[in-house]
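Below are the chains, spelled out letter by letter.
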Amino acid sequence: MNNYEVSRGKRGFFFFRLSLTNQLIIVNVLCYLLSFVLILIYGESFFSNNLAVTPGLVLSGQKVWTVFTSIFIHANLFHIFANMFSLFFLGNFLEKIIGRKRFFWLYLVAGILGSLFFVGAGFIFSNLTTPAVGASGALFGLLGVLAVLVPYSKIY
């Protein structure tokens, strides 16, 4: 055992021993707290202009990164609670079925596709200024994969 392994402990840092689902929950909660602080410092406009996905800004090529950042940002305490509660049950179940790496990529791709779907819907319905945040797109992607893989299973 080298010095690095000794300093980290026998099994490593606590965060990395958690399931990926639980790590994502922690990251989402930390991002929520950070966004709350940023809103207090810079105001609501910083939140909606730089973190939330807004169809008009994405379509004009100005804030393309928001299709990613919006997955980890939530509007209020109930919103993050509902999303993370759902992620806990859906994610832990699906992660055991498909594995850690596949689950990670599925979560990110589903979240980004959910953001892009919102941008497309904003374009179709001429609503280009309404911002969106949350992990709901990613959660619906997880739910869809579960419906295909284990259609008759109960999720607790």
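Since the structure is predicted, the reported quantities are computational estimates derived from the model, not experimental observations. (Residues numbered from 1 in each chain as written. Predicted model: local features only at pLDDT ≥ 70, side-chain atom pairs only at ≥ 80, totals over all residues. Heavy atoms only, no water.)

**Notes on the overall build of the chain**
- Tallying secondary structure elements over the chain gives nine helices and zero strands in all.
- Its C-alpha atoms give the chain principal-axis dimensions of about 55 × 45 × 30 Å.
- Out of the 156 residues belonging to the chain, those deemed buried represent 34%.
- If you take every contact in the chain between residues at least 6 apart in sequence, the share linking residues at least 24 apart comes to 74%.
- Carbon and sulfur atoms provide 71% of the accessible area of the chain, an area that totals close to 9,800 Å². (Helix = DSSP H or I, 4+ residues; strand = E, 2+ residues; numbered from the N terminus. Buried < 20%, exposed > 50% of the residue type's maximum accessible area, 1.4 Å probe, protein only. Contact = heavy atoms within 4.5 Å. Areas by Shrake-Rupley, 256 points an atom, 1.4 Å probe, with all protein chains shown as cover.)

**Some thoughts on the side chain of Asn92**
- Mapped onto the elements, Asn92 comes out in helix H7 (residues 77-98).
- On the basis of relative accessible area, Asn92 is assigned to the buried category, the value being 15%.
- Among the polar contacts listed, one links the side chain of Asn92 to the side chain of Ser19, at a separation of 3.0 Å.
- Apart from the residues within four sequence positions on either side, Asn92 is in contact with Ser19, Thr21, Asn22 and Leu87. (Polar contact = N/O pair within 3.5 Å; in protein donor to acceptor, adjacent residues only side chain to side chain.)

**So, the layout of surface pockets**
- In this structure, the largest pocket encloses a volume near 190 Å³.
- The wall of the largest pocket is formed by 15 residues, among which Gly114, Ser115, Phe118, Gly134 and Gly137 lie closest to the centre.
- Elements with a contribution of two residues or more to the lining of the largest pocket: helix H8 (100-124) and helix H9 (136-149).
- Looking at the lining of the largest pocket element by element, the count peaks at five residues for H8. (1 Å grid on protein atoms, 1.4 Å probe; cavity = no way out; pocket = protein on both sides within 12 Å on 5 of 7 lines; lining within 4 Å. Points joined across faces, edges and corners; volume = space filled by probe spheres on them.)

**Some points on the environment of Phe72**
- Mapped onto the elements of the fold, Phe72 is located in the loop between helix H6 (66-69) and H7.
- As a C-alpha pair, Phe72 and Val133 span 61 residues in sequence and 7.7 Å in three-dimensional space.
- Apart from residues lying up to four places away in sequence, Phe72 is in contact with Leu24, Val27, Asn28, Cys31, Tyr32, Tyr107 and Leu108.

**Re unusual backbone geometry**
- You will see that Ser126, though not glycine, has its phi angle at about 55°, which is positive.
- Position of Ser126 among the secondary structure elements: in the loop between H8 and H9.
- Owing to a relative accessible area of 65%, Ser126 belongs among the exposed residues under this scheme.

**With respect to the confidence of the model for the chain**
- Across the chain, the average pLDDT comes to 90, with 91% of residues at 70 or higher.
- Here residues 1-7 is modelled with pLDDT under 50, and outside its nearest four sequence neighbours on either side it reaches one contact, counting other chains as well. (pLDDT = per-residue confidence, 0-100.)

**Thoughts on the packing of H7 against H9**
- With their axes 10 Å apart at the nearest point, H7 and H9 run at an angle of 35° to one another. Crossing hand, H7 versus H9: left-handed. Contacts between H7 and H9 involve His79, Asn83, Ser86, Leu87, Leu90, Phe93, Leu94, Ile97 and Ile98 from the first element and Ser136, Leu139, Leu142, Leu143, Val145, Leu146 and Leu149 from the second.
- Across the contact of H7 with H9, the residue classes tally to twelve nonpolar, four polar and no charged. (Axes fitted to C-alpha atoms, helices over the stretch in contact; angles between N-to-C directions. Left-handed = near helix turned anticlockwise from the far one by under 90°. Nonpolar A, V, L, I, M, F, W, Y, C, P; charged D, E, K, R; others polar.)

**Quick word on the packing of helix H3 (residues 20-42) against H7**
- The contact between H3 and H7 brings their axes to 8 Å, and the two run at 165°. If you check the angle between H3 and H7, you find them roughly antiparallel. The hand of the H3/H7 crossing is right-handed. For the pair H3 and H7, the contacting residues are Leu20, Thr21, Asn22, Leu24, Ile25, Asn28, Val29 and Tyr32 in the first and Leu77, Ile80, Met84, Leu87, Phe88, Gly91, Asn92 and Glu95 in the second.
- Across the contact of H3 with H7, the residue classes tally to ten nonpolar, five polar and one charged. (Parallel < 35°, antiparallel > 145°, perpendicular 65-115°, else oblique.)

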